[in-house]
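A structural walkthrough
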Number of protein chains: 2
Amino acid sequence: MSKYEQIKEYIYQKIESGEWPENHPVSSENGLAGQFNVSRMTARRALQELADEGLVTRARGSGTFVAPLKSQSALLTIRNIADEIRTRQHQHHAKVVLMEEVSAPPTLATFLHVPNGSKVWHSVIIHFENDQPVQVEDRYVNPRLVPEYGQQDFTACTPHEYLCEVTPLTEASHQIEAVLPDQQTMQWLGLSEPEPCLQINRRTWCSDGVVSQATLTHPGSKYRLGGHITFRSPRKTKGEV
Amino acid sequence: MSKYEQIKEYIYQKIESGEWPENHPVSSENGLAGQFNVSRMTARRALQELADEGLVTRARGSGTFVAPLKSQSALLTIRNIADEIRTRQHQHHAKVVLMEEVSAPPTLATFLHVPNGSKVWHSVIIHFENDQPVQVEDRYVNPRLVPEYGQQDFTACTPHEYLCEVTPLTEASHQIEAVLPDQQTMQWLGLSEPEPCLQINRRTWCSDGVVSQATLTHPGSKYRLGGHITFRSPRKTKGEV
DNA sequence: TACTTGCTAATGTATATACAACAAATCGAG
DNA sequence: CTCGATTTGTTGTATATACATTAGCAAGTA
């Protein structure tokens, strides 16, 4: 193991064991350099990487301290529906039930930052897992940024994949809620009785503005959103991230 | 702007504009050092940080290349309910409706990795936002790792906050689904009619094993889970992460 | 062809040094 | 004692250098 990794391990162990609680001072760069008999730059690298991983905070002129645990937030990964189905070794296919150009109503126009009443792409696509419908994707797309949207074949590649290709997506915001589907959505999902649905509202951005607004509706009985989380960056012991 | 930041900006711009597509080679450390008239170590820092942010991949002996876009997954932040309410400038309070020690049924015992039938803590806590119930937290806790759980005052600090303090939580897994609440939950949430609820199933781990298993139920009409996402690490232009 | 060898270029690690920017403690004057 | 200036310690940036490790290529060899 390289020297800077040894120093990281040493500090990591102190923090994980609880020997160094929150805000406990960590030896300075020069201090560590002395303890471990390395140059300051090597000790510095250890501290810098720990800071990048969020385990310690550093303040010029003041020192390095054990970072407070971030109890308030955790990260959940949201994956592409097609990928998710495929990794379950199931079969995915999509059906385009609607592809049109419509005048954006006021709310949508505000969402997409386009002039009120201007034309936008509107598509509705149903995603199937082993021939069972698991998602209705109702999407509006800004034609200024993606003029060719209406001409794509979305049975081959999902809209999200396509959008990632043609525009460098930079951000997205999600809202997840539980709702009862309307009649039309029930029909698309093949539901005879109303049942709770997981609805994800997603807005995606590229550097030039809002690209797309999508509402993804999943039947609660056939779909759940899962994710694994690490509160801190895991140690890179075995060479893999 | 410091020199290494200028180099990062330069490369970032090339990638974002699409001028350098996936797998396009990036100038070598020495090359950039020449172009920008800096030392190799300064150019190296720029490339190294871009690699840490996932924008480029590096291979010893081979070179640096624009990383493929990760379209398949995005990250959603899940926050502590109490923090979330407080940042909305609303008032949060909690009510403990149940705190007991029970014998773990088989399924739960497997979940928590404890012997079948051994005692575990079980608590049910209702969280209020401005006196409206917004979450029922039904939690089981491994007493081997958190023996004092039953003696805490959870009107002052949420269980999750407490658990983060006493054990260094390292991981969690979440499952989110839409369900109809049972009679008891409806009563706790003050619902007269059944309505779709967002249910989060969370299991948390520390280095010694599974700490806790919680089911968080939110009424769909009063709660949605929101999150902002960046597909790539944002540029650190204005000095903030 | 198939394999080996050696060279070159690229990244990875480590060191030494210099100076800048900043925070906190120290000291001195009033 | 209080306020302000100075000092000291710590992190941030930048440079120069040395050597290690590896990928890719080219040339040579069987």
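This structure is a prediction, so every number in the text was calculated from the model and none was measured.

Rules behind the numbers
Residues numbered from 1 in each chain as written. Chains lettered and ligands numbered in written order. Predicted model: local features only at pLDDT ≥ 70, side-chain atom pairs only at ≥ 80, totals over all residues. Heavy atoms only, no water. Near = heavy atom within 4 Å. Polar contact = N/O pair within 3.5 Å; in protein donor to acceptor, adjacent residues only side chain to side chain. Helix = DSSP H or I, 4+ residues; strand = E, 2+ residues; numbered from the N terminus. Core = buried A, V, L, I, M, F, W, Y, C linked by side-chain atoms within 4.5 Å. Buried < 20%, exposed > 50% of the residue type's maximum accessible area, 1.4 Å probe, protein only. Pairing = 2+ DSSP bridges. Contact = heavy atoms within 4.5 Å. Axes fitted to C-alpha atoms, helices over the stretch in contact; angles between N-to-C directions. Domains from an automatic or database assignment.

1. Remarks on the protein's contact with DNA strand C
Residues in close proximity to DNA strand C total 24 residues, the closest being A:Lys3, A:Thr42, A:Arg45, A:Arg60 and B:Thr64. A share of 68% is what sugar and phosphate atoms reach among the atoms of DNA strand C within 4 Å of the protein. Within the side chain of A:Arg60, a nitrogen or oxygen atom sits 2.7 Å from a sugar or linking oxygen of DNA strand C. B:Arg40 is positioned with one of its side-chain polar atoms (N or O) 2.9 Å from a base nitrogen of DNA strand C. Counting residues per element, the ones that place at least two in the surface near DNA strand C are α1 (3-17) and α3 (40-52) of chain A together with α3 (40-52), β2 (56-59) and β3 (63-66) of chain B.

2. Observations concerning the nonpolar core
Residues A:Ile176, A:Leu198, A:Leu225, B:Ile176, B:Leu198 and B:Leu225 are the most contacted members of the largest nonpolar core, which totals 24 residues. Among the elements of the structure, α4 (81-87), β8 (169-179), β9 (197-206) and β10 (209-219) of chain A together with α4 (81-87), β8 (169-179), β9 (197-206) and β10 (209-219) of chain B are those that each provide at least two residues to this core.

3. Observations concerning the sheet that holds strand β1 (residues 25-26) of chain A
Strand pairing within a sheet occurs via backbone hydrogen bonds; the two strands may be parallel or antiparallel. All names here are of chain A. What the three strands build is an open sheet, ordered β1-β3-β2; its pairing is antiparallel. Among the strands making up the open sheet, the edge pair consists of β1 and β2 (56-59). Sheet analysis places β2 next to strand β3 (residues 63-66), joined by four bridges and oriented antiparallel. Counterpart to alanine 59 in the pairing with β3 is glycine 63. Its contacts with the sheet put α3 on β1, β2 and β3, and the angle it makes with β2 is roughly 115°.

4. Quick notes on the domain arrangement of chain A
Much of the literature gives interface size as the accessible area that the parts lose upon coming together. The domains assigned to chain A are domain 1 (3-66) and domain 2 (81-219). Computed over C-alpha atoms, the centres of domain 1 of chain A and domain 2 of chain A are 46 Å apart.

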